[in-house]
Each structure stands twice: as C-alpha cells, then as structure tokens.
Amino acid sequence: MQAVSKGDGMRGLAVFISDIRNCKSKEAEIKRINKELANIRSKFKGDKALDGYSKKKYVCKLLFIFLLGHDIDFGHMEAVNLLSSNRYTEKQIGYLFISVLVNSNSELIRLINNAIKNDLASRNPTFMCLALHCIANVGSREMGEAFAADIPRILVAGDSMDSVKQSAALCLLRLYKASPDLVPMGEWTARVVHLLNDQHMGVVTAAVSLITCLCKKNPDDFKTCISLAVSRLSRIVSSASTDLQDYTYYFVPAPWLSVKLLRLLQCYPPPEDAAVKGRLVECLETVLNKAQEPPKSKKVQHSNAKNAILFETISLIIHYDSEPNLLVRACNQLGQFLQHRETNLRYLALESMCTLASSEFSHEAVKTHIETVINALKTERDVSVRQRAVDLLYAMCDRSNAPQIVAEMLSYLETADYSIREEIVLKVAILAEKYAVDYTWYVDTILNLIRIAGDYVSEEVWYRVIQIVINRDDVQGYAAKTVFEALQAPACHENLVKVGGYILGEFGNLIAGDPRSSPLIQFNLLHSKFHLCSVPTRALLLSTYIKFVNLFPEVKPTIQDVLRSDSQLRNADVELQQRAVEYLRLSTVASTDILATVLEEMPPFPERESSILAKLKKKKGPSTVTDLEDTKRERSVDVNGGPEPAPASTSAVSTPSPSADLLGLGAAPPAPAGPPPSSGSGGLLVDVFSDSASAVAPLAPGSEDNFARFVCKNNGVLFENQLLQIGLKSEFRQNLGRMFIFYGNKTSTQFLNFTPTLICSDDLQPHLNLQTKPVDPTVEGGAQVQQVVNIECVSDFTEAPVLSIQFRYGGTFQNVSVQLPITLNKFFQPTEMASQDFFQRWKQLSNPQQEVQNIFKAKHPMDTEVTKAKIIGFGSALLEEVDPNPANFVGAGIIHTKTTQIGCLLRLEPNLQAQMYRLTLRTSKEAVSQRLCELLSAQF
Amino acid sequence: MQFMLLFSRQGKLRLQKWYVPLSDKEKKKITRELVQTVLARKPKMCSFLEWRDLKIVYKRYASLYFCCAIEDQDNELITLEIIHRYVELLDKYFGSVCELDIIFNFEKAYFILDEFLLGGEVQETSKKNVLKAIEQADLLQEVRYFPRCVTPFSF
C-alpha cells in the first residue's frame, strides 16, 4: 500500500524537515525555523489567496515547528479555514493542528465549534469521525458545553456507522471525565449498556470503556451491564483461537476487550444471580486453566496478551475476595511467575501478590513463597523489581516471620539503592514496632537502622524509638546500656548521638551503677561527640547535661564548667547560648527539689497512630498538602502563644504530622529537660524563677480544662486525663463554623457505650445552633474517633456549650464534662481601617453602655509579639499606626451572627512598669462589649 | 492511559499524545524527566516502573522508545501490547517502518494513533479496520514523501 502515487506529496514539508535535521547546531536550527516562520507569515499575509494545498502544507510546517518545542503564535485562523475544506486531507490537517494547538481564543472556538457542528451533521462518516476525534483530543469544557448533548444521540442512533459509534463512545467518555455535569443522563444510557451485545467487536471494545466509567459514578443505574458483560466474556473465553478473526491477537481471542470486561466487573461485588455467578466463575477457572496449557506460540506477544487477561482475572478474584479456592489458585499461579525467566512477569507477580497477602484466605498461601521473595531481593538486577520484593515482604509480614523479614530487609539495606533506602528504613521501623514481642529486639533493630543507614533515618523514626522507650519501663535499662555501647564506636551517626543523648538523659541512672558506665564516663562519652554535631543536636545534648545535673549530683561541677565555658555561654547561636545561660543558672539557683521537679522523667506519650506509618502513607499515597499547611499554621500559633501552661499536651491529636506528633521532642530546638517540654524554653524557665507555684501547677496535665487557651486559637488539646484525650480542630467563617472533635483512647482497652453529648443551656439555645451526628459507641484501645460539629451563630451569646461524655472503661462508668470553646469572638471578621476612620467610629460609639473597660494585672510576660498574635488570634484586625502611642494595640472587626452584624473596636494599653493592662471595648451592643472584654482580658 | 511518548535513543521526542489536560510547561517537564529516566535503564530491565503516582510502560523498537503512562488500576501487559499493535500498524502502513518514516510523516503517525486509541482508550484493535480508515484517506490524496532508511523496527 505504500506506493499510492498521485502528485508529489508535501514535498516542501519534507525539504524543510530535512533542512532541520541537517542543522549542525541549535542556533542553526532556530535560524532555519525563523526563516521558515517569516516565509509562512508572508504567505499568509500576502495578497494572493492561497490554495488549499499550500495552506495545508504551511499549517503542517507550523505544527512540525511546534512539536519541535517552539512557540507558534499564528496560523490558527488558516487551520480553522482548513476545517471547512471539502478535501479530506486538508480537513484532517486542520483538525490535527487544532487538536494539538488549541487555545481558548473565544473567536476561534466559535468558528471551530461551527466547523465541528457541520461535520457532525454531514452524515459523512469519515468527516464525523474526524470531528469526534477532535472533540476527544481537545476534551475541554467549552467542547463539552457545545457537544455533550449531541454525542449520546449519535452514539445510540440506529443509522450511525460502526466507526462513528466507536468514536462517539470514547469521545463521550473523555467529555464525561472532564466535566460529568455536562453530560445529561437519559434514556440513552440504557441503550449504551446494550452495546455490550453489539455484533461489531470494535464497537463493544470502545463502549466498555465508556460503560465502566459511567458505572463507577452511578453503579446502581448500570447494574444490568453485569450479566451482559459476563456473557460476552464467557463467549470470548470459550471461543477457539481463530473464531474472532482479526480480533484474535497472536492466538489470543480479543485480549483488549477481555481485559476491559474484567475491569468493568471490578466495579461491582460478585453477581447476585446464581446463574450469572456460576458462568463467571467458570470463565475465571477457564482463564486459570489456560495458563497451565502449553503456549500456542513462542512469541512474547502471545504470552503477554494471555497473561494480561490472567492478571486481570486475578485482580477480579482479589476484588471479590470471597472464593478461597480461586484465591489460592491465583496465588499458586503467581508463585510460578515469581521464578519466571521474564522480568516483567516476576515484577507483576510480586506486585499482584502484595494485594493477595492482605486477604485472609490467601495470606498463608502467600507466606509460603517467602524464600523466593527474599531471594529476589538479593538477586534481581533491576531496582524496580527489588522494590516490589520489599513491598511484598512488608505485606506478608506477621508475627511469625517478622524477625526473619526484618533481618533480611536490614541486610538488604546495606547495599540498597539510594532511591529506596528511606522507604525501607520506614518499613523496617514499622514492622519492628508492630511485631515486637520483645522490645529489646525493637531497640536493637532501630539502632541497627541508624548504624546502617543513618542518613535515611528521618526524625519520625528516632522520635518514635524514644517514645516507645519512655512508655515501656521494661526496656529502659536495656536501651540505656545499648545506646551507651553503640556510642563507643569511634564514628557514629549523629542520629545515634541524638537518641543516645536523649535516652541517657532520661535513663542513664539505670546503668550508672556499673563502673564502666559511671556518670562521668557517660558524660565524657557524650561530650566527646558534642563538637562534631549540628546545632539542634548540641541543643539536645545541653538538655541531657542539665538532666545529668539532676540525676548525678557528683558530675554537677564538671557540667557547670562546660556550661560556663565561653564556647557555650557566648555561643554565636542564640538557642545554644540561651540554653547554656539558663541551665547554668538553673543548676546554681534552684533547690534540689525544684530541680528534681523540673527535670523529672518524661511522662508517657499518649498512644496513637505511629507517625512513621503516617509518613509512609504519605510517601506512598498522594501528597496531603493541606495537612502540612495546617500544621505549619498551628505551630506558628503555638510559638506565638509562648507562655501557655502545659504545652506538653498542646500538640494536636488531629494531625498525624511529624511536628505535631512529637510533643516535647517537637520542633528543631529539642525540648529542655523538664516534663512540660515547651516549644520555646524561655517562658518556662522564667516561670520557674519568678513564681514557682505556677511552674509546678501545670506539671500534671491531669484533667485541667483548657478552655481559655482556645479563645485565641482553634486547634489543640482540650482535655486530657489518664484515659482520654480530646483534641479540637475548628474553622469559622462569618456566622458559621465547623469543629472536629477527636476522642483518643489512651488505654489499650476499648471504651464501651461511648456517648458524647453537646449541651446548650436554655439561655444559650436560642443564640447558637449546633448539629452533629452520634459517634460509634465502641472506641478501640489506642484508637481515635472523630466527630464533626456544625455551628451556626444566630445572635450574640455569652455562655459556652458543654461537651459531656459518658463511657464504660473496664467495669467502671466514666463521666467527663468540659466546656466547648465556642466563643463569640470566633465569629469575628477582621476589618482594616485607617486612623481617621477608626477614631471617627470610636467617637460614634461614645454612649456609656457601648463601652466596657477593664484594668487588670498581667498574668503573663508582657511581650509585644505575643500580644499581637493573640489579638489577631482573637479574630480582630490589628491596626498599625492608628494609636498615637505606638505601645498601644488597636483592633477592629465585625461579629457576624445570623440576625445581625456588630462592629467592634478595641484598644489595649499596656503599662510595663506597673505590669498592668487597660482594655477598652466599644461595640454597638452592650452585651457584646461585655463578653468580648471578658474573653480577651483573660488572655494577657 | 494518560499519555504516550515516542523518543529516540538520543532523547529526541518524535511523537507526543496527551490524554489529560496539562500546560505546555508541565508537558515539557514530564517529557524531560521521563526521557531521562527511561534512557538510563539497562536493556534487560523490566518494562514497567512507578513514576509519580503513575505506572510507566515502555518498550524499545530499534532506535525508538515507546513509552505510555497508565493509571494505578490499568493493566501493564495489555499496555505493552497496545504499543506493539501500534508499531504493527505503523509497520503495515509504511512497510518496514523506521524512525525516519515517523519524522517525515509525523502527521500520519498521529492519524493512525487516533484511529487506534481515542481519549486514551483502545478504540479499534483490528488491524484491518484501522488501516482501512487510513487508506480511504490516502486514496483521496497525494503520495507520502518517504526517504527510505536502513534500520526498520525488528519484530
């Protein structure tokens, strides 16, 4: 068919392409292209009308230039002209250009759509197909708006040619994927399902893709396709290899259609109709049987096509997860592939077995292949195959084989490709924790991880080992001994220094009885690493030193000497300097009692989802940017709100993100040694010296009600005791809000009859609407459940709703009530205004009932930045350069309720000498001024 | 399927077909990244790899790489045979197709692809039917210009 000779083709195009290919340099190419562009432009602009052929040739050249990677900014009009040509090839080139280079020039879109409309109406099947291809290739919303209603009609019309139906089906699919709202469902959908019965295999092949997509979105409306698909599949599977003529591919009947039909069936559970189900199971068995037959051809295409159907069949069997017999057969088949000489099949078998491993019916069968998989890990030459082997080992791991799998992964890690090391580290860390019977094994494993791949051990991993050691007192002595030994290595990874520093700081006393690890030796060992470490690690070590001061009074002078040295006391790094100064001072000033209280052993961490697991999920799944953003915001709020009590419990339960999860181990500067590990060391230590009562009070977070802390922030821990932790995350917009309440079971025993109730008093009821759904009455040990509350502020209010929780724990009935921090200021919208406007409004609100003033003593250090953050957190705008006295703070905003909006102005005047504040609120409503003043006064 | 790319051993892009809306910038970035990744792989390695959240299926024919990006649920082996069927179609149409045919007759390569795959899905698998549609067009038109080349794709 190659020598169709009429005329001379597009000779000019070929010459141009040759020229480009002969260009010796990029510059020469650009020069040649510019010359051509100038030529084409002049032809298009010239007086002489171009004939269709020339137009086609030039448009084609432009397309070629664009595909080379250059920009094209003209020629669209000429291409659109080609669309209305009656010559097929000219039209074809026009459509190709439009498909590749469409832009949303509205004028052109209208012309293009017109041309398409004409072709669709032309009843000439080749023209109709070209138009449909163009719509499918562009697939834009504009195209959808113009044609989505017409195409279903073309698709099911009795007189449409087969080729037109095929194009129409896939064209509609593309539009439906892009803008499902534009495709009207209607009586055509029933007829589309019946295309599964069409005589023409090509039509069925195209239609199945469309039907599958429609089924996913509206499974109930398309249920009838199940039996049709099964009978079609059955006919193909049982046909002889030559029955389907051109639809047989290397002796495999209709492989593409078979795969698509099997995919369609995966949109549904197993067929309910026994006859249909029987027929389908027969099909699946036939496919599995055929896999055992000798191949009909040696060509790889034959085996690929055959195995494509086999793998899709196995996917369907796994999807049903209900036929133990088929699952085990599938597993055996994949087992054979694990040792196949084709790399592709080994790869796919490993991948597919991963899903089989999670089915209870086949988990044991998968485990029998462990040796083969471990062998793959050691011998496969292709990293992507080894990666699959790691995934499968991870999936098949359980308590029985964990030690073996973890050991194999660790030894593989020594030589693993850099690209997959971090993931293996995470997997090992998770398996070691999940299946640890003996926690000494866990500690050894993690230390090995750090030794082998220290650079790939992320913060989550070493934070986690510390959390576990702190929570399990049976392993603390062992951990101290092991890190002490590991630290003796001449070169050890910085992550080991961190873990070692932290653990010895907490539990060094457990091994101090041994003269080989006496306090001084421990200290000297750690300090010998100090100078090689980065700033955050040094900061952590300084905290360890102050903990040593408490644990081992005998080394106090040595440590004080170190702290007192210029390299610490005058360190260029502010954090290090501050720690050195404060710790030195603490060690000199504080009594042993205070020291012992401040530097007490860390309290156990609340149990919840491992942050490592969260990280692995994140690595594997689509990235969750929003979560990250939330955390950042939350963190900045925490930092601003520095001197809050008991920050140990502030990090949110709600976000399983690294920084939020880590409590005291938190952000870059690791916690100072005290049990309430604050995020900034300053506030805490100041408190210790100024007012020892307030420093001791928050030490036991207990059941303290944290209501006041939520006035200026939306996320954090509301309540915590030995059993239960309640976290909040909320957002407000105008008079509406939504609050997520997270109930975390801190124990390992389930809570029964767990019933949280929201109570609004009679006074509050008319002003505030709360809506929520009940939560599951059972909360598993270590689990967390979430409840969403939708909030509507009807009018201004004073009281707060109460959250009352009842549940059974063990044999006892528990009852917890806390105030839910939904306060009037949450419905603030900040308002920016200039000085003049502010004072004008201020004067307008001069009626004595509108103003409320409070003069009070500062309860926290008077820090300008913290104050600003609180006013902003309160919800009003912070107006700069409004108050003539720059030390004062001025804010403005509007409280939104359903019934009305209330403008609010506020002014806060600090008096540093007297350590006092004067707060003035002016709003149009007395009650609002009163309430806002109360709420805000309590914050400073 | 999300897109298909054909590129030479030197990394020159010979054909690109996108079935999802992406900006030109994003397309160029993806192309650069994938061409690099695929060219760096050794001959006996497997034809599949994970890339971003997609699966890449590729195969080399003579001097040309054919590379498809499919979604998580899609079937790798059948995609490999989509590539092969496309090569067969080109081969039948051009007669022992080689890279130069695709360079000089790139528009034909696109037309053939459109008859075979539409919107990223297989439209027609019968070789006869696909080529019939293309032939009809050729009967109406002039001849192709085809400089012959030395290394046809091997089967």
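Residues numbered from 1 in each chain as written. Chains lettered and ligands numbered in written order. Predicted model: local features only at pLDDT ≥ 70, side-chain atom pairs only at ≥ 80, totals over all residues. Heavy atoms only, no water.

Student: Let's hear about the overall build of chain B: which residues, and what values?
Tutor: If you tally the helices and strands in chain B, you get 5 helices and 7 strands. Each helix and strand of chain B, ordered N terminal to C terminal, gives the series β-β-α-β-β-β-α-α-α-β-β-α. Of all 155 residues assigned to chain B, the portion counted as buried reaches 65%. (Helix = DSSP H or I, 4+ residues; strand = E, 2+ residues; numbered from the N terminus. Buried < 20%, exposed > 50% of the residue type's maximum accessible area, 1.4 Å probe, protein only.)

Student: Describe the overall build of chain A, listing the residues and the values that go with them.
Tutor: Looking only at helices and strands, one finds 41 helices and 16 strands in chain A. Here chain A holds 940 residues, and the buried ones make up 55% of them.

Student: Can you explain the packing of aromatic side chains? Please cite residues and give values.
Tutor: Residue and element names in this part refer to chain A. Counting across every chain of the model gives 32 aromatic pairs over all chains. Relative to Phe754, the ring of Phe751 lies with its centre 6.2 Å away and its plane at 10°, an arrangement referred to as stacked. Positioned over the ring face of Phe127 is Lys91, at 4.4 Å from the centre of the ring. Above the ring of Tyr394, the side-chain terminus of Lys427 is found at 5.3 Å from the ring centroid. (Phe/Tyr/Trp six-rings, centres within 6.5 Å; stacked < 30°, edge-to-face > 60°. Lys NZ or Arg CZ within 6 Å of the ring centre and 35° of its normal.)

Student: An account of the sheet that holds strand 5 (residues 64-70) of chain B is requested, with residue identities and associated values reported.
Tutor: Residues and elements named next belong to chain B. An order of 2-1-5-4-3 is seen for the 5 strands of this open sheet, with the pairing classed as antiparallel. Looking along the sheet, the strands with just one partner apiece sit at the ends: strand 2 (13-18) and strand 3 (48-51). Taking each pair of neighbouring strands and ignoring which way they run, the sheet shows an average axis angle of 20°. Pairing between strand 1 (residues 3-8) and strand 2: 5 bridges, direction antiparallel. (Pairing = 2+ DSSP bridges. Axes fitted to C-alpha atoms, helices over the stretch in contact; angles between N-to-C directions.)

Student: Describe the confidence of the model for chain B, and please don't skip the residues or the numbers.
Tutor: Residues and elements named next belong to chain B. Across chain B, pLDDT averages 88, with 88% of residues at or above 70. Within the model, the stretch residues 142-150 combines pLDDT values under 50 with 35 contacts to residues more than four positions away or in other chains. Overall fold confidence (pTM) sits at 0.67, and the ipTM for the predicted complex is 0.93. (pLDDT = per-residue confidence, 0-100. Contact = heavy atoms within 4.5 Å.)

Student: Break down the interface of chain A and chain B for me, citing the residues and quoting the values.
Tutor: Counting residues at the interface gives 76 residues for chain A, matched by 68 residues for chain B. Both sides of the chain A and chain B interface together cover about 6,200 Å² of buried area, and 55% of this is carbon and sulfur. Seen at the junction of chain A and chain B, the total is 3 salt bridges. Here Asp74(B) and Arg263(A) are joined by a salt bridge, their closest N and O atoms 2.9 Å apart. At the surface where chain A touches chain B, the tally comes to 28 residue pairs in polar contact (both at pLDDT 80 or more). Looking at the side of chain A that touches chain B residue by residue, the class counts come to 34 nonpolar, 24 polar and 18 charged. (Buried area = accessible area lost by both parts, 1.4 Å probe. Salt bridge = Lys/Arg side-chain N within 4 Å of Asp/Glu carboxyl O. Polar contact = N/O pair within 3.5 Å; in protein donor to acceptor, adjacent residues only side chain to side chain. Nonpolar A, V, L, I, M, F, W, Y, C, P; charged D, E, K, R; others polar.)

Student: Would you mind going over the environment of Phe64(A) in detail, with residue names and values included?
Tutor: Within the secondary structure layout, Phe64(A) lies in helix 3 (residues 52-67). In this structure the C-alpha to C-alpha distance between Phe64(A) and Leu13(A), which are 51 residues apart in sequence, comes to 9.0 Å. Ignoring sequence-local partners within four residues, the contact set of Phe64(A) consists of Phe16(A), Ile17(A), Ile20(A), Ile103(B) and Phe106(B).

Student: Outline the pattern of salt bridges, supporting the account with residue identities and numerical values.
Tutor: With the rule as written, the count across this model stands at 47 salt bridges over all chains. For Glu50(B), the salt bridge is made with Arg388(A), and the minimal N-O distance between the two is 3.1 Å. Note that Glu50(B) is positioned in strand 3 and Arg388(A) in helix 21 (residues 383-396), a pairing that runs across two chains. A residue is classified by how much of its surface remains accessible, and Arg388(A), at 4% relative accessible area, is buried. Here Glu720(A) ties to Lys746(A) by a salt bridge, and the two come within 3.2 Å at their closest N and O atoms. A residue pair is termed long-range when its members are at least 10 positions apart, and Glu720(A) in strand 3 (residues 715-720) and Lys746(A) in the loop between strand 5 (736-745) and strand 6 (751-759) qualify at 26 residues. On the basis of relative accessibility, which here comes to 11%, the residue Glu720(A) falls in the buried class.

Student: Provide a residue-level description of helix 26 (residues 476-487) of chain A, including the pertinent values.
Tutor: Residues and elements named next belong to chain A. Over its 12 residues, helix 26 extends 16 Å from the first C-alpha to the last, a length consistent with the 16 Å expected when each residue adds 1.5 Å. Listed as buried for helix 26 are Gln476, Ala479, Ala480, Thr482, Val483, Phe484 and Leu487. Check the buried side of helix 26 and you find it contacts helix 24 (439-453), helix 25 (459-471), helix 27 (494-507) and helix 28 (519-530). (Expected span 1.5 Å × (residues − 1).)

Student: Explain the nonpolar core residue by residue, including any values.
Tutor: With 272 residues, the main nonpolar core has Ile116(A) and Tyr86(B) as its most contacted residues. Residues in contact with Tyr86(B), not counting those within four places in the same chain, are Met4(B), Leu6(B), Leu15(B), Phe66(B), Ala109(B), Ile112(B), Leu113(B) and Phe116(B). Residues Leu824(A), Phe827(A), Phe856(A) and Cys933(A) belong to the second largest nonpolar core, which totals 58 residues. (Core = buried A, V, L, I, M, F, W, Y, C linked by side-chain atoms within 4.5 Å.)

Student: Which residues make up the sheet that holds strand 6 of chain A, and what values do they have?
Tutor: All names here are of chain A. In spatial order, the strands read 6-9-10; together these 3 strands make up an open sheet with antiparallel pairing. Strand pairing shows two members of the sheet lacking a second neighbour, strand 6 and strand 10 (812-819), which therefore form its edges. Neighbouring strand axes in the sheet, compared pairwise and without regard to direction, differ in orientation by 15° on average. With 8 bridges joining them, strand 9 (residues 802-809) and strand 10 adopt antiparallel strand pairing.

Student: Lay out the pairing of strand 14 (residues 889-896) of chain A with the relevant residues and their values.
Tutor: All names here are of chain A. Summarising burial for strand 14: 7 of the 8 residues are buried, a large majority. As paired strands, strand 11 (residues 828-830) and strand 14 are joined by 3 bridges and run antiparallel to one another. When the sheet's bridge partners are listed, Gln829 is paired in strand 14 with Ile894. Two elements, strand 13 (residues 877-879) and strand 14, share 3 bridges in a ladder whose sense is antiparallel. What sits directly across from Ala877, in strand 14, is Ala892. If you look at the hairpin formed by strand 14 and strand 15 (residues 901-911), you'll find 4 residues sitting between the two strands.

Student: Break down the packing of helix 3 of chain A against helix 4 (residues 106-116) of chain B for me, citing the residues and quoting the values.
Tutor: Two numbers describe how helix 3 of chain A lies on helix 4 of chain B: the axes approach to 10 Å, and their chain directions differ by 85°. Classed by the angle they form, the pair helix 3 of chain A and helix 4 of chain B counts as roughly perpendicular. Facing Cys60(A), Leu63(A), Phe64(A) and Leu67(A) of helix 3 of chain A, the residues of helix 4 of chain B in contact are Phe106(B), Glu107(B) and Tyr110(B). Here the residues of the contact of helix 3 of chain A with helix 4 of chain B are counted per class, giving 6 nonpolar, no polar and 1 charged. (Parallel < 35°, antiparallel > 145°, perpendicular 65-115°, else oblique.)

Student: I'd like a description of the confidence of the model for chain A, backed by residues and values.
Tutor: Residues and elements named next belong to chain A. Confidence in the prediction of chain A, expressed as mean pLDDT, is 84, and 89% of residues score 70 or more. At the level of individual helices and strands, chain A shows its lowest average pLDDT in helix 38 (residues 692-696), which scores 30, and its highest in helix 14 (residues 255-265), which scores 96. A low-confidence stretch, residues 1-8 stays under pLDDT 50, and its non-local contacts, those more than four residues away or across chains, total 21 contacts.

Student: Quick one: what's the story with the pairing of strand 9 of chain A, residue by residue and with numbers?
Tutor: Across 7 bridges, strand 6 of chain A lies against strand 9 of chain A in antiparallel orientation. From the neighbouring strand, Thr755(A) faces strand 9 of chain A, where its bridge partner is Gln806(A).

Student: Any details on the side chain of Asp74(B)? Residues and values, ideally.
Tutor: Position of Asp74(B) among the secondary structure elements: in the loop between strand 5 and helix 2 (76-94). A polar contact of 2.9 Å, which involves the side chain of Asp74(B), links it to the side chain of Arg263(A). Setting aside residues up to four positions removed in sequence, Asp74(B) forms contacts with Arg263(A), Met1(B) and Lys55(B).

Student: So, the packing of helix 25 of chain A against helix 27 of chain A: which residues are in play, and what are the values?
Tutor: When two helices pack together, their arrangement is given by the angle between their axes and by how far apart the axes lie. Residue and element names in this part refer to chain A. The N-to-C vectors of helix 25 and helix 27 enclose an angle of 20°; their axes lie 10 Å apart at closest approach. Between helix 25 and helix 27, the crossing angle belongs to the class labelled roughly parallel. In the packing of helix 25 onto helix 27, the handedness of the crossing is right-handed. Contacts from Trp462, Val465, Ile466, Val469 and Ile470 in helix 25 reach Asn495, Lys498, Val499, Tyr502, Ile503 and Phe507 in helix 27. Looking at the contact of helix 25 with helix 27 residue by residue, the class counts come to 9 nonpolar, 1 polar and 1 charged. (Left-handed = near helix turned anticlockwise from the far one by under 90°.)

Student: With reference to specific residues and values, describe unusual backbone geometry.
Tutor: Even without a glycine there, the phi angle at Gln915(A) is positive, about 55°. Topologically, Gln915(A) is positioned in the loop between strand 15 and strand 16 (916-923). Of note, Arg52(B) is a non-glycine position whose phi angle comes to about 50°, a positive value. When you line up the elements, Arg52(B) lands in the loop between strand 3 and strand 4 (54-61).

Student: Explain helix 5 (residues 88-101) of chain A residue by residue, including any values.
Tutor: With 14 residues, helix 5 of chain A extends 20 Å from end C-alpha to end C-alpha; this agrees with the ideal 20 Å at 1.5 Å per step. Across the 14 residues of helix 5 of chain A, 13 count as buried, placing the element largely inside the fold.

Student: Go over the environment of Glu135(B), please, and point to the residues and values.
Tutor: Within the secondary structure, Glu135(B) sits in helix 5 (residues 127-139). Along the primary structure Glu135(B) and Tyr93(B) are separated by 42 residues, whereas in three dimensions their C-alpha atoms are 8.8 Å apart.

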